[in-house]
Amino acid sequence: MTDERHAQSTSLLRALLRHGLSLLEPQERKRSHCRMGPVSCTISSNSDALHEALTRCLLPGGSGGDLHIGILSGSEPPCAAPPTGHLPHTDARHLERLHIAADGSLTAMYNPDHGQWLILDHQSREGLLWIGEEALLPAWEQGSPFKTLLNWFIAPSAFFMVHAGAVGSETGGCLLVGQGGSGKSTTVAACFEAGMRVCGDDLILVEERAAGYRAYGLYDSVKLDPASSIRMPRSLASAPFTPCAGKRLVRYSDVRANGLTREMPLRAVVRSVIAHRPGSVIVPESPAAMLKALVPPTVFLLRGREEAAIPKLGRLVRALPCFRLELGSDPQEAASCLAGWLAASWSEAS
């Protein structure tokens, strides 16, 4: 009986997705194509303002044929708020208002605080973000929109998302890992200002290949804390910004056209810590310590399909050498330290 009721919930949620997309079709006001790593997406919406907010930090390009995401705003008449998410408790994750079909073909989540449904049908490659009031959209969604839908979409593949930045040079780069307040974003920003290659500062898409790992940039955005003990790089500090939960949301493209690197091979995983020392140093880190730093923030940001992501993270830290970047007080010096270390360590890598 429980399996049957779970299947009924899946059918109801698939019907809700179809209903939302059918409401959107005659009311569509905006449509655009973007690339989220190698995934080519079509984004359509019934709201000019919401479409702009959720696409301004996406990377343009692609035909949009891999995934269609509909944005439905209840703030735009005649559309109304979505139904509330009262799921029968046929699965432990229903307590989190998260539903995963038994065969993995559909994933859905309801957020009561924001009055919002996220639904993804893996078979039809269609997703829906249906929000009752645009004013309830969290500010941080502008910097990394659709991250949850993308995380669900790539779960069965060799791709996975990581809470990290990625910086490098012509020969390859490293994932830069760190919890809030670790100096990670400021260091990535300093690397960008110094002319290094940057794939992003907060969420990176990683591909596991037989020949090694590859990082892909997802978002044209960096979030900087003006109250950080490490000062912001000058070019990004003076760039146009959007307030975002106490931070400054800046687009790399507003500082330098085509400044974000779309992809790069990965040579290492590096965890940043603020050491308040005269100069930055890079020392070996254990895979266990790196996994402990990677998993909690990644899982926290990307709810659902953890069973697919965590083993991939484990393989990543076992396959790539792990290090700890002990940051000094000058972010430009830290960037120079990283650049020199990458050049010395992997100058002969292809």
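Our structure's up above, just so we're on the same page.
Notes on the structure in this doc start here. Keep in mind it's a predicted model, so treat the numbers as computed, not measured.

What counts and how
Residues numbered from 1 in each chain as written. Predicted model: local features only at pLDDT ≥ 70, side-chain atom pairs only at ≥ 80, totals over all residues. Heavy atoms only, no water. Salt bridge = Lys/Arg side-chain N within 4 Å of Asp/Glu carboxyl O. Helix = DSSP H or I, 4+ residues; strand = E, 2+ residues; numbered from the N terminus. Buried < 20%, exposed > 50% of the residue type's maximum accessible area, 1.4 Å probe, protein only. Pairing = 2+ DSSP bridges. Core = buried A, V, L, I, M, F, W, Y, C linked by side-chain atoms within 4.5 Å. Contact = heavy atoms within 4.5 Å. Polar contact = N/O pair within 3.5 Å; in protein donor to acceptor, adjacent residues only side chain to side chain. Axes fitted to C-alpha atoms, helices over the stretch in contact; angles between N-to-C directions. Phe/Tyr/Trp six-rings, centres within 6.5 Å; stacked < 30°, edge-to-face > 60°. Lys NZ or Arg CZ within 6 Å of the ring centre and 35° of its normal.

Bringing the pattern of salt bridges into the picture now. Within the structure shown, the criterion is met by 17 salt bridges. In this structure, Arg18 engages Glu126 in a salt bridge whose closest nitrogen and oxygen atoms are separated by 2.3 Å. Of the two residues, Arg18 sits in helix α1 (residues 2–27) while Glu126 sits in strand β8 (residues 126–131), which places them 108 residues apart along the sequence. According to the relative accessible area criterion, Arg18 is partly exposed, its value standing at 40%. Notably, a salt bridge pairs Glu141 with Lys147, separated by 3.7 Å at the nearest N-O pair. A single salt-bridge network, built from bridges that share partners, covers Arg271, Glu285, Arg324 and Glu326.

Turning our eyes to something else, we now look at the pairing of β8. The element β8 is largely enclosed, with a buried count of six among its six residues. Across the two faces of β8 the burial is the same, with Glu126, Leu128 and Trp130 and Gly127, Leu129 and Ile131 all buried. Sheet topology places strand β4 (residues 67–73) next to β8; six bridges connect them, and they run parallel. Within β8, the position partnered with Ile69 by the bridge is Gly127. Of the strand pairs in this sheet, strand β7 (residues 116–121) and β8 are connected by six bridges, and their pairing is antiparallel. Opposite Trp117, over in β8, you have Trp130 as the bridge partner.

The biggest cluster of nonpolar side chains holds 33 residues, and the ones touching the most others in it are Met36, Ile43, Phe146, Ile154, Met161 and Leu218. Contact partners of Met36, with chain neighbours within four places excluded, come to Cys41, Leu58, Pro145, Phe146, Leu150, Leu205, Leu218 and Tyr219.

What follows concerns helix α3 (residues 147–154). An α-helical turn contains 3.6 residues, so any two residues separated by three or four positions project in the same direction. Of all eight residues in α3, eight are buried, a share of seventy percent or more. By the burial criterion, the buried members of α3 are Lys147, Thr148, Leu149, Leu150, Asn151, Trp152, Phe153 and Ile154.

A word on the side chain of Ser221. By the element assignment, Ser221 lies in the loop between β14 (212–217) and β15 (222–224). Taking relative accessible area as the criterion, Ser221 reaches 5% and is therefore assigned buried. Of note is the side chain of Ser221, whose polar atom sits 2.8 Å from the backbone oxygen of Gly143. Other than its neighbours up to four places away in sequence, Ser221 contacts Cys57, Gly143, Asp201, Leu249, Val250, Arg251 and Tyr252.

In space, the three strands of this open sheet follow the order β15-β17-β16, with antiparallel pairing throughout. Two strands close off the open sheet at either side, each with one partner strand: β15 and β16 (242–244). Averaged over all adjacent pairs, the angle separating strand axes in this sheet is 35 degrees, with direction ignored. Looking at chain direction, β16 and strand β17 (residues 247–250) are connected through three bridges and run antiparallel. The residue of β17 that forms the bridge with Pro243 is Arg248.

In this section: the environment of Leu16. Examined against the element boundaries, Leu16 turns out to sit in helix α1. For Leu16, a relative accessible area of 12% corresponds to the buried category. When the C-alpha atoms of Leu16 and Leu301 are compared, they prove to be 25 Å apart, with 285 residues separating the residues in sequence. Residue contacts for Leu16: discarding those within four places in its chain leaves Pro83, Trp117, Ile119, Leu128 and Trp130.

Before going further, it helps to spend a moment on the packing of aromatic side chains. Tallied over the entire structure, the rule returns five aromatic pairs. Consider the rings of Tyr110 and Trp117, whose centres lie 5.1 Å apart with planes at 50 degrees: the pair is tilted. Looking at Tyr110, the relative accessible area reads 8%, which means it is buried. Relative accessible area serves as the criterion here: at 3%, Trp117 is assigned to the buried category. Here Arg248 stacks its cationic end above the ring of Phe241, 4.4 Å away from the centre of that ring. Sitting above the plane of the Phe192 ring, Arg256 keeps its charged end 4.0 Å from the centroid.

It is worth stressing that arrangement in space is one thing and function is another; only the former is reported here.
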